[in-house]
Amino acid sequence: MGRAGGRGRGVRAAGERARPAARRARHRCRQTAVAYLFLAPSLAFFAVFLLLPLLFAVLLSLSRWAGFDLADIRPAGVDNFAALFARGSSFLTPVLTNTLLYALGTVALALTGAVLVAHCITRLRFQGFWRTLYFLPIVTTVVAVGNVWKYMYEPGGLVNGVLNALGLRSVAFLQDPATALPSVVVVQAWASLGSAILILTAGLKAVPHSYYEAAELDGAGPFTVFTRITLPLLRPSLLFVCVTQFITGLQSFALIIVMTGEGGPGDATNVAALEMYQRAFKYGDWGSASAAALVLFVLVLVITLAQLWLFRRKGADG
Amino acid sequence: MRRRGRVPWLSYLLVGAGAVVTVVPFLDMLLTSFKGPGEYGRLPYRFLPEAFDLSNYREAFVRLNLPLLFRNSVVATAVITGSVLLTSSLAGYALAKLRFPGRDLIFRLVLATMMFPPFVFFIPHFLILVHWPLAGGNGPLGDGGAGLTVSIAALVMPFLVSGFGIFLMRQFIVSVPDEMLEAARIDGAGEFTVWWRIVVPQTRPVAVTLALLTFVGAWNEYIWALLVSTANPRLMTLPVGIQTLQSYLDPHRMVPVMMAGLMLSVLPVLLMFLLLQKHYIRGVMLSGLK
């Protein structure tokens, strides 16, 4: 009896412990099912439009294929990559050099402009108004931005009109190989100024006001305040803008398509992403286009990682 | 005290000059759109039109199939924005508030999706849509027809889910108090009800921001729309359609007509931005991407 009673108590005790555990397990199981249900549309999307395309891009870069029939894909090894870097290929120069110059030029111009404007805006009234003005290009389609500037650069356009009014001769901005790339760079910088200013003004707002007051008491001039207080304290925001704009610059080609069509004159404004686009959709050369895309991808990745590393290191001691 | 009263002339000058450089192209677009035939390109350059000629707008209407372009742009933008909001909210809730195996891995995957540059995907996406099985005359293996490039689905498919959107939503939903969710669950609400009745209303501010960012991005998208409409002109959106104007008009007449068309395509977004700029600016601050 005693033993049986003991056993009975034991079973009951175990049952009482087991029931909530089972409920918890069932609850966890249900939560997992619900979670994956909530995630299903996104995961399905990433599988079809991210994973599959990445595999596809690698496969295509190692193949020869000019058609639309999937059965015609022929293996080609690294031929596509070899052709890109072969002697006489235009991919290294001028295309990749243009890409780097384009990104560097854009970052240099936009960053300088944004630092100056952001610094000055903080001392003005109606800051929101100014920021909104500078922001207009960002919400505008690249087709509008590109075309307006394209026609402003024409001999009968606004820019040459201003030059003429100042007694200077007209410049064939987009038609002259020497000026075409810088002309597009200016527009890209113009279009990206707004977001850079926004991020930098946010960074400036985080600088304690007492720093400026202390500097003023010490009799520091505006230039000293700018170089000794503003710039060093702004470094994290500056690096962030620098990294993101540089990556954007390396990848962009929509503005170039709109302004110079095929990257002309000659290859003067041709960049890697545009080269890829044309190889694929103009010449139907999917293999070498995919190879070009992957080369640019690796370039962007390496530069990004290098900048992130720099970002972190500077962030740590700064 | 003395300093506060001093007007920062140099700053006004610099910011003002920069603002002029920013705004003048927009003004030039507006003013050129009113210039009469033969007025553009005449030397010396005149900023103001001789007479405010509205015929360029009429010409843009005649030359372009504007009802089709507007319909494509509006439908594509609406579908993309709706889908991104819905999928981001659902996935964001799961990643923020539900406990399940693989959560960290999936969250890391979502973060990784933001790192891939879009141009890597143009070719594969296009081929995937062309070879979409059992669509547009394709067989089960995806050959034989034009696939999804026959329908407006082609314009929206690659943009239906946004890694950034999921990330943004997840970060916001994390801050919704667990007690609110627990209270609803104790009252017998299922996870779907919890999401719809508690989470969705709580996340309205971030949803407005995400909707605006997505709307502006989708409305202004150019390269993908260009690609898809090269395969099927019925899929032209406003930016693509207006760009085609330059191919069939002579320059002096064409430039003002193009500017009129551009004004039509830019105005909806500019107005929306001016009305809701606070939300949009917050979005850009959060993303730092554009």
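Worth saying up front: this structure is predicted, and the values here are computed from it rather than measured.

A.B. asks: How should the overall build of chain A be read in this particular structure?
C.D. replies: In terms of regular secondary structure, chain A is built from 13 helices and two strands. For chain A, the spread of C-alpha atoms along the three principal axes comes to 115 × 75 × 35 Å. Contacts in chain A between residues far apart in sequence, at least 24 positions, make up 66% of those at least 6 positions apart. When the accessible area of chain A is evaluated, it comes to approximately 15500 Å², of which 66% is carbon and sulfur surface. In chain A, which carries 27 positive and 14 negative side-chain charges, the distance between the mean positions of the two groups comes to 23 Å.

A.B. asks: Would you explain the interface of chain A and chain B in this entry?
C.D. replies: For interface size, the figure often reported is the accessible area lost on association. The interface of chain A with chain B comprises 84 residues on the first partner and 96 residues on the second. In this structure, the connection of chain A to chain B is made through zero salt bridges. For the pair chain A and chain B, the number of links is ten residue pairs in polar contact (both at pLDDT 80 or more). Residue composition of the side of chain A that touches chain B, grouped by class: 62 nonpolar, 16 polar and six charged.

A.B. asks: Looking at this model, I keep getting lost on the packing of helix H5 (residues 103-113) of chain B against helix H8 (residues 163-173) of chain B. Mind explaining?
C.D. replies: Each packed pair of helices is defined by two parameters, the angle between the axes and the distance between the axes. Residue and element names in this part refer to chain B. In contact at an axis separation of 8 Å, H5 and H8 are set at 130° when each is read in the N-to-C sense. Judged on the interaxial angle alone, H8 and H5 are oblique. Taken as a pair, H5 and H8 cross one another with a handedness that is left-handed. Contact residues: Phe107, Val110, Leu111 and Thr113 in H5; Gly163, Ile166, Phe167, Arg170 and Gln171 in H8.

A.B. asks: I tried to follow the packing of helix H4 (residues 66-97) of chain B against helix H10 (residues 191-202) of chain B on my own but got confused; where do I start?
C.D. replies: Residue and element names in this part refer to chain B. As a packed pair, H4 and H10 sit with axes 11 Å apart at the nearest point and diverge in direction by 110°. Considered as vectors, H4 and H10 are oriented roughly perpendicular to each other. Considering only the axes of H4 and H10, their crossing is right-handed. On the side of H4, the interface is formed by Leu86, Ser89, Leu90 and Tyr93, while H10 contributes Glu191, Val194, Trp195, Val199 and Val200.

Rules behind the numbers
Residues numbered from 1 in each chain as written. Chains lettered and ligands numbered in written order. Predicted model: local features only at pLDDT ≥ 70, side-chain atom pairs only at ≥ 80, totals over all residues. Heavy atoms only, no water. Helix = DSSP H or I, 4+ residues; strand = E, 2+ residues; numbered from the N terminus. Contact = heavy atoms within 4.5 Å. Areas by Shrake-Rupley, 256 points an atom, 1.4 Å probe, with all protein chains shown as cover. Lys, Arg positive; Asp, Glu negative; His and termini not counted. Charge placed at Lys NZ, Arg CZ, Asp CG, Glu CD. Salt bridge = Lys/Arg side-chain N within 4 Å of Asp/Glu carboxyl O. Polar contact = N/O pair within 3.5 Å; in protein donor to acceptor, adjacent residues only side chain to side chain. Nonpolar A, V, L, I, M, F, W, Y, C, P; charged D, E, K, R; others polar. Axes fitted to C-alpha atoms, helices over the stretch in contact; angles between N-to-C directions. Parallel < 35°, antiparallel > 145°, perpendicular 65-115°, else oblique. Left-handed = near helix turned anticlockwise from the far one by under 90°.

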